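A structural walkthrough
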Amino acid sequence: MTDLDEAIAAVRADVAALHAELVRYGLVIWTGGNVSGRVPGADLFVIKPSGVSYDDLAPENMILCDLDGNVVPGSPGSDRSPSSDTAAHAYVYRNMPEVGGVVHTHSPYAVAWAARGEEIPCVITGMADEFGGPIPVGPFAIIGDDSIGRGIVETLKGHRSRAVLMQNHGPFTIGVSAKDAVKAAVMCEDAARTVHFARQGGELIPIPQDKIDALYNRYQNVYGQSSDDRR
Ligand SMILES: [Zn+2]
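The name an unreviewed UniProt entry gives the protein is L-ribulose-5-phosphate 4-epimerase, with Microbacterium oleivorans as the organism. Reading the Cofactor (unreviewed entry) entry of the UniProt record for the protein gives the comment "Zn(2+)". What the UniProt record of the protein gives under Sequence similarities (unreviewed entry) is the line "Belongs to the aldolase class II family. AraD/FucA subfamily."

The next subject is the coordination of the zinc ion. Within the protein, the atoms that donate to the zinc ion are His 104 (NE2), His 106 (NE2) and His 169 (NE2), at distances of 2.0 to 2.1 Å. The sequence motif formed by the donor residues of the zinc ion is H-x1-H-x62-H. Since its relative accessible area comes to 1%, His 104 is described here as buried.

Turning our eyes to something else, we now look at the packing of helix H2 (residues 86-95) against helix H5 (residues 147-156). At a minimum axis separation of 7 Å, H2 and H5 run at an interaxial angle of 45 degrees. The angle between the axes of H2 and H5 places the two elements in the oblique class. The two elements H2 and H5 meet at a crossing, and its hand is right-handed. Together, Ala 88, Tyr 91, Val 92 and Asn 95 of H2 and Ile 148, Gly 149, Arg 150, Ile 152 and Val 153 of H5 make up the contact between the two elements.

What follows covers the pattern of salt bridges. If you walk through the whole model with that rule in mind, you get 12 salt bridges. Arg 116 is the salt-bridge partner of Glu 118, the closest N and O atoms lying 2.8 Å from each other. Classification of Glu 118 as partly exposed rests on a relative accessible area of 24%. Residue classification places Arg 116 among the partly exposed residues on the basis of a relative accessible area of 40%. A network of salt bridges, in which partner residues are shared, links Glu 130, Arg 162, Asp 180 and Lys 183.

Rules of the game
Residues numbered from 1 in each chain as written. Predicted model: local features only at pLDDT ≥ 70, side-chain atom pairs only at ≥ 80, totals over all residues. Heavy atoms only, no water. UniProt positions renumbered as here; feature names shortened; annotations may be inferred. Donors = N, O, S within 2.8 Å, 3.2 Å for Na, K, Ca; no water. Buried < 20%, exposed > 50% of the residue type's maximum accessible area, 1.4 Å probe, protein only. Axes fitted to C-alpha atoms, helices over the stretch in contact; angles between N-to-C directions. Helix = DSSP H or I, 4+ residues; strand = E, 2+ residues; numbered from the N terminus. Parallel < 35°, antiparallel > 145°, perpendicular 65-115°, else oblique. Left-handed = near helix turned anticlockwise from the far one by under 90°. Contact = heavy atoms within 4.5 Å. Salt bridge = Lys/Arg side-chain N within 4 Å of Asp/Glu carboxyl O.

If you want it as structure tokens, here you go:
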């Protein structure tokens, strides 16, 4: 096996296994949702096949794509179609080279905020730690061209948040690795749920920006969150 073959095999195993986390945390139903991971050092990524049950996902049926979202012919799994969100994932990898993983779900609380086109305000310290501010809303966009990918990149480029709520649709998250993007998807749903509950009881108390900055910097740089930990 070449180094590239080994790298692809590792990402296939990683991406297949990480899908179980979407189920574990209640972020997906039926065959919805998808995780992808970039192959380090190559213009390739691995993504979930379309329409396959979560119980049947395995390294060998993950699909290898180039950064234009085309399936690599003859690779394992290439007899199936990749996730219908593949073009959006590919657009993110093409335009954000620092991204190593992308996740999309229709997790219910996050979708509820997206359906209102309302960003999730940063009113809990855990959100300041993880996202460094509010979780923003991206534009309304539908499958069929680059518009979802463009909306994700335009919203998240230069933003601290690793999650965007695409309006009327749901969350897309990014990370330095597929695992990091999955963590962001889990934390995004947790923030969406908690802030929703909080607002039912009364007015939300904003956290001052300087405190948000301090929390974010501490958590990202000091508190055991080195980029190694996220890979
Ligand atoms: Zn979707």
